[in-house]
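# Close look at the chain arrangement
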Number of protein chains: 2
Amino acid sequence: MGALSEELHEFLDSHPVGVLATLASDGKPRQSLVYFAREGDRLLISTLTDRLKARDTRQSGWASLCVMGHEPPYPSATFSGPAEILTEHIGPPTAKIMQQITQTAEPPEPMTDAALAEAGRVVLVIHVDRVSAASYISAAGDASEGS
Amino acid sequence: MGALSEELHEFLDSHPVGVLATLASDGKPRQSLVYFAREGDRLLISTLTDRLKARDTRQSGWASLCVMGHEPPYPSATFSGPAEILTEHIGPPTAKIMQQITQTAEPPEPMTDAALAEAGRVVLVIHVDRVSAASYISAAGDASEGS
């Protein structure tokens, strides 16, 4: 799968939350609701370094995010790929995610990496290389109803 | 964890969709949006016998469902436990799930197991024994923010 389509970019940009799945150390999926921001084909989630989702990601190097619309017919798609925990240059992406949470017109002033480290805050990034279970998103189309 | 609280029952009953996670044969989580219905502490999903989510469930015997509200602050919780694929006595639960999809006052007339088998339709049931990543649901409370 190449780059995400413009339509999928728009879908992602218009929905601030999704359900993250990571692989827990017991081999089972672990799901939780998260706010996210998009940069190109990367999905960015702000979390704390000692959260289980961060530990899972360090261990497995993979994560997925299922994003959905909030009214029938609930358009949705699952975005997955290699994932990692970032601790450097995370001020601007963290500010962008905070803007998603607060839904303000502009992101807040970025914090420094040192200040974010002090707060235990990291960025979980998914490098999306697969879209699955897409439905009711016209560009995503027919191919992916079969999950 | 014992039975789900009345508040969690109400939360589940007032939200018709959730994000299902199953364990794929490659060892990774597989997520998709599904409609569901609740019976006691069991969550019921109608699917087709050859769908990957059904195959995953047969293989791993486990699934989880993350259910969320559709407005900020997006209340949510993840319900997980042993899961199986049912093919018998599935007329009434299938009708109940169809009612969730159509949002009609009454469920449709249940189909027979034979007719559902003909259509390839099965019921995926999660016997919930764990609630995690709950937030903004008062009864679920503080304990579970830590995912």
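Residues numbered from 1 in each chain as written. Chains lettered and ligands numbered in written order. Predicted model: local features only at pLDDT ≥ 70, side-chain atom pairs only at ≥ 80, totals over all residues.

Right, let's talk about the overall build of chain A for a bit. Within chain A, the regular secondary structure consists of four helices and eight strands. Moving toward the C terminus, one meets the helices and strands of chain A in the order α-β-β-β-β-α-β-β-α-α-β-β. On C-alpha atoms alone, chain A measures out to a radius of gyration of 15 Å, which is about the 15 Å that the 2.2 N^0.38 rule sets for 147 residues. Summarising its shape, the C-alpha atoms of chain A cover approximately 45 × 40 × 25 Å along the three principal directions. Each of the 147 residues in chain A was classed as buried or not, and the buried ones make up 42%. Pairs at least 24 residues apart make up 65% of the contacts formed inside chain A by residues separated by at least 6 positions. (Helix = DSSP H or I, 4+ residues; strand = E, 2+ residues; numbered from the N terminus. Rg over C-alpha atoms; globule rule 2.2 N^0.38 Å. Buried ≥ 20, exposed ≤ 12 C-beta atoms within 10 Å, placed from the backbone. Contact = placed C-beta atoms within 7 Å.)

The next thing to look at is the environment of Gly81 of chain B. All names here are of chain B. Topologically, Gly81 is positioned in strand β6 (residues 76-86). Judged by C-beta crowding, with 20 C-beta atoms within 10 Å, Gly81 ranks as buried. Between the C-alpha atoms of Gly81 and Asp129, which are 48 residues apart in sequence, the distance is 5.1 Å. Those residues within four positions of Gly81 in sequence are excluded, and the remaining contacts are Ile126, His127, Val128, Asp129 and Arg130.

Ranked by internal contacts, the top residues of the largest apolar core, which has 77 residues, are Ile45 and Leu65 of chain A together with Ile45 and Leu65 of chain B. Ignoring sequence-local partners within four residues, the contact set of Leu65 of chain A consists of Gly18, Val19, Leu20, Phe36, Leu43, Phe79 and Ile126 of chain A. (Core = buried A, V, L, I, M, F, W, Y, C linked by C-beta atoms within 7 Å.)

Time to look at the interface of chain A and chain B. Contacts between the two partners involve 25 residues from chain A, matched on the other side by 25 residues from chain B. Those elements giving two or more residues to the side of chain A that touches chain B turn out to be β1 (17-23), β2 (29-35), α2 (52-60), β5 (62-68) and β6 (76-86) of chain A. Split by residue class, the side of chain A that touches chain B holds 12 nonpolar, nine polar and four charged. (Nonpolar A, V, L, I, M, F, W, Y, C, P; charged D, E, K, R; others polar.)

Residue and element names in this part refer to chain B. Strand β5 (residues 62-68) sits mainly inside the fold: seven of its seven residues count as buried. Side chains Trp62, Ser64, Cys66 and Met68 of β5 all project onto a buried face; the interleaved residues Ala63, Leu65 and Val67 project onto the opposite face, where all are buried too. Relative to β5, strand β1 (residues 17-23) is paired through four bridges, and the arrangement is antiparallel. When the bridges of β5 are listed, Gly18 appears paired with Val67. (Pairing = 2+ DSSP bridges.)

All right, on to the confidence of the model for chain A then. Residues and elements named next belong to chain A. For chain A, per-residue confidence averages 92 on the pLDDT scale, and residues scoring 70 or more make up 93% of the total. Low pLDDT, under 50, characterises residues 139-147; the stretch is placed with 20 contacts to residues that sit more than four places away or in other chains. For this predicted complex, the interface score ipTM comes out at 0.92, while the overall pTM is 0.92. (pLDDT = per-residue confidence, 0-100.)

All names here are of chain A. End to end, helix α3 (residues 91-102) covers 16 Å across 12 residues, agreeing with the expected 16 Å (1.5 Å per residue, within 8%). What α3 keeps buried is the set Pro93, Thr94, Ile97 and Gln100. Seen along its axis, α3 keeps its buried residues to an arc of 110°; they face one direction. As for α3, its buried residues are in contact with β2, β3 (37-39), β4 (42-48), α4 (113-118) and β7 (121-127). Following α3 by one or two positions, Gln103 adopts a phi angle in the positive range, close to 55°. (Expected span 1.5 Å × (residues − 1). Arc of directions from axis to C-beta.)

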